[in-house]
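# Descriptive structure summary
What follows is each chain in one-letter form.
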Amino acid sequence: MKTKSPFLMKPPFTKRGAYWHFSMWLNKERKYARKSLRIRSKTIAIEKGKEAYLEIFANRKMGKTYFSLTIKEGVNHYLEYRKKNVESGLIVKGRYKTIKTHLQNFLDFIGKDTKIKELERIECEDYFYERMKKSKNNVK
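Note that the structure is predicted; figures quoted are calculated from it, not measured.

In this section: the overall build of the chain. Counting its regular elements, the chain contains four helices and three strands. Walking the chain from its N terminus toward its C terminus, one meets helices and strands in the order β-β-β-α-α-α-α. Since a compact globule built from 140 residues should have a radius of gyration of about 14 Å, the 22 Å found for the chain marks it as more spread out than a globular shape. Expressed along its principal axes, the backbone C-alpha trace of the chain runs to roughly 65 × 40 × 20 Å. In the chain, buried positions account for 24% of the 140 residues. For the chain, long-range pairs separated by at least 24 residues make up 44% of all intrachain contacts whose partners lie at least 6 apart in sequence. When the accessible area of the chain is evaluated, it comes to approximately 11300 Å², of which 53% is carbon and sulfur surface. Here the chain contributes 35 positively and 15 negatively charged side chains, and the mean placements of these two sets differ by 7 Å.

Strand order in this open sheet of three strands is S1-S2-S3, and the pairing throughout is antiparallel. One side of each edge strand has no neighbouring strand; the edge strands of this open sheet are strand S1 (13-16) and strand S3 (31-36). Within this sheet the neighbouring strands show an average axis-to-axis angle of 30 degrees, counted without direction. With six bridges connecting them, strand S2 (residues 19-26) and S3 associate as antiparallel partners. Directly across from Leu-26, in S3, lies its bridge partner Lys-31. Sheet strands in contact with helix H1 (residues 42-61) are S1, S2 and S3, and its direction is about 25 degrees off that of S2.

For Ser-68, the position within the fold is in the loop between H1 and helix H2 (71-87). Those residues in contact with Ser-68 that sit more than four places away from it in its chain are Lys-115, Ile-116 and Lys-117. From its side chain, Ser-68 meets the backbone nitrogen of Ile-116 in a polar contact 3.3 Å long. Within the structure, the side chain of Ser-68 is placed 3.0 Å from the backbone nitrogen of Lys-117, a separation counted as a polar contact.

All right, on to the side chain of Glu-29 then. One can find Glu-29 in the loop between S2 and S3. Of the side chains with opposite charge, Arg-60 lies nearest to the buried Glu-29, which makes no salt bridge, at 6.2 Å. Those residues in contact with Glu-29 that sit more than four places away from it in its chain are Thr-65, Tyr-66 and Phe-67.

Calculation rules
- Residues numbered from 1 in each chain as written.
- Predicted model: local features only at pLDDT ≥ 70, side-chain atom pairs only at ≥ 80, totals over all residues.
- Heavy atoms only, no water.
- Helix = DSSP H or I, 4+ residues; strand = E, 2+ residues; numbered from the N terminus.
- Rg over C-alpha atoms; globule rule 2.2 N^0.38 Å.
- Buried < 20%, exposed > 50% of the residue type's maximum accessible area, 1.4 Å probe, protein only.
- Contact = heavy atoms within 4.5 Å.
- Areas by Shrake-Rupley, 256 points an atom, 1.4 Å probe, with all protein chains shown as cover.
- Lys, Arg positive; Asp, Glu negative; His and termini not counted.
- Charge placed at Lys NZ, Arg CZ, Asp CG, Glu CD.
- Pairing = 2+ DSSP bridges.
- Axes fitted to C-alpha atoms, helices over the stretch in contact; angles between N-to-C directions.
- Polar contact = N/O pair within 3.5 Å; in protein donor to acceptor, adjacent residues only side chain to side chain.
- Salt bridge = Lys/Arg side-chain N within 4 Å of Asp/Glu carboxyl O.

Any link to function would need more than the numbers given here.
Written out as structure tokens, the structure reads:
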């Protein structure tokens, strides 16, 4: 059974103030993707909404998510991966605990609720300095 394009039905547009907004439910992420189209004309908003829909749909087909993980979620995924390495004998339990400790310090520095997509390359430049300052030059 073929599914109809949402644009053959009533388009998912709302007007907030003077501008049109596009929204789309994402089953996998269990959230609405919302985007301000910054357009006052409904016909132009529909065209921009179609573009937004196609972009989201194409990214989902490639396996990309619309919403980014938080740093804490990313660290938890990584630790689960490394725990499998302990079980298979690739690393010892002590190394796993060391990795976990380092990542906990990293979470304290960068912020647990920071989105991975928001992280810039230079965000961690002061990490060593902050760790030294926090531990009073006792980092091992």
